[in-house]
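Structure assessment
Residues per chain, in single letters:
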Amino acid sequence: MAVNGETTHRHGGFRRTDFARLGIGERAVLDFSVNLNPLGPPSLIRDRWPQLISGIEDYPSVEGEGIAYYYQKKYGIEPDHFLAGNGSTEMIYLIPRALGIKKALVPVPSFHDYSRGSLLAGASVLYQPISQREDSFAIDIGEIMDRMRESDALWLGNPNNPTGNLHPKETILEICRRYPDKWIIVDEAFMPFVEKKNLFCVLDPDRPGNLLVLHSLTKFYALAGIRMGGVIASKEVIRTLRRFKEPWTVNGIAERIAPLLLECGEYEEKTLSLVRAERNRLFENIRRSGIVFPSIPSANFLLCQWRFTENLDDCLKEFLALGIYVRDCRNFPGLEKNWFRLAVKTPEENDRLLSAFSSFTARRKNG
Ligand SMILES: Cc1ncc(COP(=O)(O)O)c(C=O)c1O
């Protein structure tokens, strides 16, 4: 069993450590390091909170039926094709364990838990670097197809966090067809921020039997503390996953909240238009300043490379001093050279980021 450096947590957001490391006094910050809906949770969750809290006394359903109900109504997924989890993270750890994955292929940089979940399940991991050509990151599907011969499962973020790469659904289905005896696990945690519905594997009624689609409600509805998500797959796969899953991992509040999210059409539309407009505005403004992007951002985050000095710490310090916290991405394999990630936030918050950015980039250029 591999329990080594590769299985330690590698998430961001260690503000206190960063303040201390960079020698800056702790202060309140605007957090651009976490990619959640900039509108915050739908207002109806706060309005209904007094009723929701009644859910704390009883055991919830064993398998999070309230979440399954949401997926049935929202995406037309029958409950026997769905398994709910305490966030999609629970599924990332359950899948390799339950399916007995031995060798997983993981394109990197990507969400660290794909490899951690595989390693903790006793699998070995093959890393496929996402090729960097000049300033762009491209996931070479030809190379992935070749390397699939050596593995029995592929993890694919769509869109990929943190690079933002998006894959056409046809490409994913082609991989599934080419390797019918291997598992293709596609993570659509950020897909609700993407407007092109034809990319959603979750909406495909003819999903192949070897395709598993991870989904999350924590990002699009800004409910990361409530933990809601799941996996969509064939009936056989769901039956197998159920046999390995711990009971009651979806709490009673989450289970009551999920059906309410079906009433949030206006909030969803507002989110999509806000994220689209602000993502484009951030991208255009920051790009003009000489910062580099590896790909056109597709969801609610932007990956960028600091090039004004040799060390990203200079940038982090400037931001922190102005009360802005961004995600240092140097702990992702392939992003060691001063890459950082920004979440798309509200227009006012993004204005603060842009003005901080232009003030210190101008100083760097002039000085
Ligand atoms: C790409 C990706 N997938 C899945 C997750 C897990 O999300 P959750 O467990 O909140 O559903 C995250 C969390 O940051 C993520 O970045």
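Residues numbered from 1 in each chain as written. Predicted model: local features only at pLDDT ≥ 70, side-chain atom pairs only at ≥ 80, totals over all residues. Heavy atoms only, no water.

Section: the domain arrangement of the protein chain
Heads up, the condition is: Residue ranges assigned to the domains are those given by an automatic or database domain assignment. Any two residues having at least one pair of non-hydrogen atoms within 4.5 Å are treated as being in contact. Accessible surface is computed with a 1.4 Å probe, and the buried area is the amount of it that two parts give up when combined, taken over both parts together.
If you check the domain split of the protein chain, you get domain 1 (5-41 + 266-366) and domain 2 (43-263). Between the C-alpha centres of domain 1 and domain 2 the distance comes to 25 Å. Taken together, the 34 residues of domain 1 in the interface contact 39 residues of domain 2. Between domain 1 and domain 2, a total of about 3,100 Å² is buried, with carbon and sulfur atoms accounting for 59% of that surface. Among the residues of domain 1 in contact with domain 2, Pro41, Glu268 and Leu272 are the three that bury the most area, contributing 19% of the side total.

Digging into the pattern of salt bridges
The following threshold applies: A carboxyl oxygen of Asp or Glu within 4 Å of a side-chain nitrogen of Lys or Arg is what we treat as a salt bridge. Helical segments are the DSSP runs of H or I of at least four residues, strand segments are the runs of E of at least two, and each set is numbered from the N terminus. Burial status follows relative accessibility: with a 1.4 Å probe on protein chains alone, a residue under 20% of its type maximum counts as buried, one over 50% as exposed, and anything between as partly exposed.
Taken as a whole, this structure holds 21 salt bridges when the rule is applied. The salt bridge involving Lys235 is made with Asp80; its shortest N-O contact spans 3.8 Å. Pair noted here: Lys235 is in helix 9 (residues 235-244) and Asp80 is in the loop between helix 4 (65-75) and strand 2 (82-85), with a separation of 155 residues, a long-range link. Given the relative accessible area of 37%, Lys235 is considered partly exposed.

Here's the deal with unusual backbone geometry
A cis geometry characterises the amide bond from Val108 onward to Pro109, with omega recorded as 5°. On the secondary structure map, Pro109 appears in the loop between strand 3 (103-108) and helix 6 (113-120). Here the amide bond leading from Asn161 into Pro162 is cis, since omega sits at 15°, within 30 degrees of zero. Mapped onto the fold, Pro162 is located in the loop between strand 7 (153-157) and helix 8 (169-178). Residue Arg227 is not a glycine yet carries a positive backbone phi of 70°. Tracing the backbone through its elements, the reader meets Arg227 in the loop between strand 9 (211-216) and strand 10 (229-232). Residue classification places Arg227 among the partly exposed positions, given a relative accessible area of 24%. Backbone geometry at Asn338 places phi at a positive 65°, although glycine is not the residue there. Structurally, Asn338 is set in the loop between strand 13 (327-328) and strand 14 (339-343).

Side note on empty space enclosed by the protein
Selection criterion: Every definition here rests on a 1 Å grid over the protein atoms only: cavities are sets of points where a 1.4 Å probe fits but cannot get out, pockets are open sets enclosed by protein on both sides within 12 Å along at least five of seven lines, and lining residues have some atom within 4 Å of a point. Grid points are joined across faces, edges and corners, and a volume is the space filled by probe spheres set on the points. Side-chain classes are defined by residue name, with Ala, Val, Leu, Ile, Met, Phe, Trp, Tyr, Cys and Pro counting as nonpolar, Asp, Glu, Lys and Arg as charged, and the others, Gly among them, as polar.
Under the definition given, this model contains two cavities of 30 Å³ or more. In this structure, the largest cavity encloses a volume near 40 Å³. Along its surface, the largest cavity is lined by Asp18, Leu316, Phe319, Leu320, Ile324, Tyr325, Val326 and Asp328. For the lining of the largest cavity, the secondary structure elements donating two or more residues are helix 12 (312-321) and strand 12 (324-325). Here the lining of the largest cavity gets three residues from one element, more than from any other, and that element is helix 12. Split into classes, the residues belonging to the lining of the largest cavity amount to six nonpolar, no polar and two charged. In this structure, the second largest cavity encloses a volume near 30 Å³. Contributing to the lining of the second largest cavity are Pro107, Gln128, Pro129, Ile130, Ser131, Ile139, Asp140, Glu143 and Ile144.

What to know about the packing of helix 1 (residues 15-22) against helix 12
Defined as follows: Fitted lines through C-alpha atoms serve as axes, helices being fitted only where they are in contact, and the angles separating the N-to-C directions of these axes extend from 0 to 180 degrees. Should an angle lie under 35 degrees it is considered roughly parallel, over 145 roughly antiparallel, and from 65 to 115 roughly perpendicular; all remaining angles are considered oblique.
Interhelical geometry of helix 1 versus helix 12 gives an angle of 110° and a closest axis separation of 11 Å. Looking at the two axes, helix 1 sits roughly perpendicular to helix 12. Residue-level inspection shows Asp18, Phe19, Arg21 and Leu22 of helix 1 in contact with helix 12, the latter providing Asp313, Leu316, Lys317 and Leu320. Along the lines of polarity and charge, the residues of the contact of helix 1 with helix 12 split into four nonpolar, no polar and four charged.

Considerations on the nonpolar core
Selection rule: Think of a nonpolar core as a cluster: buried Ala, Val, Leu, Ile, Met, Phe, Trp, Tyr and Cys residues, connected wherever their side-chain atoms sit within 4.5 Å.
In this structure, Met228 and Leu261 are the most contacted members of the largest nonpolar core, which totals 67 residues. For this core, the domains that each give at least three residues are domain 1 (5-41 + 266-366) and domain 2 (43-263). Among the nonpolar cores identified, the runner-up in size contains 30 residues, and Ile24, Phe32, Leu282 and Phe293 belong to it.

Remarks on the sheet that holds strand 9
Using the following cut-off: In this scheme, strands are said to pair when DSSP sees at least two bridges between them.
An order of 2-10-9-8-7-3-4 is seen for the seven strands of this open sheet, with the pairing classed as mixed. Both edges of this open sheet fall to strand 2 and strand 4 (124-129), since each of them pairs with a single strand only. Neighbour-to-neighbour, the strand axes of the sheet open up by a mean angle of 20°, direction not taken into account. The pairing of strand 8 (residues 183-187) with strand 9 spans four bridges and is classified as parallel. Each residue of the ladder has a partner; that of Ile184, found in strand 9, is Leu211.

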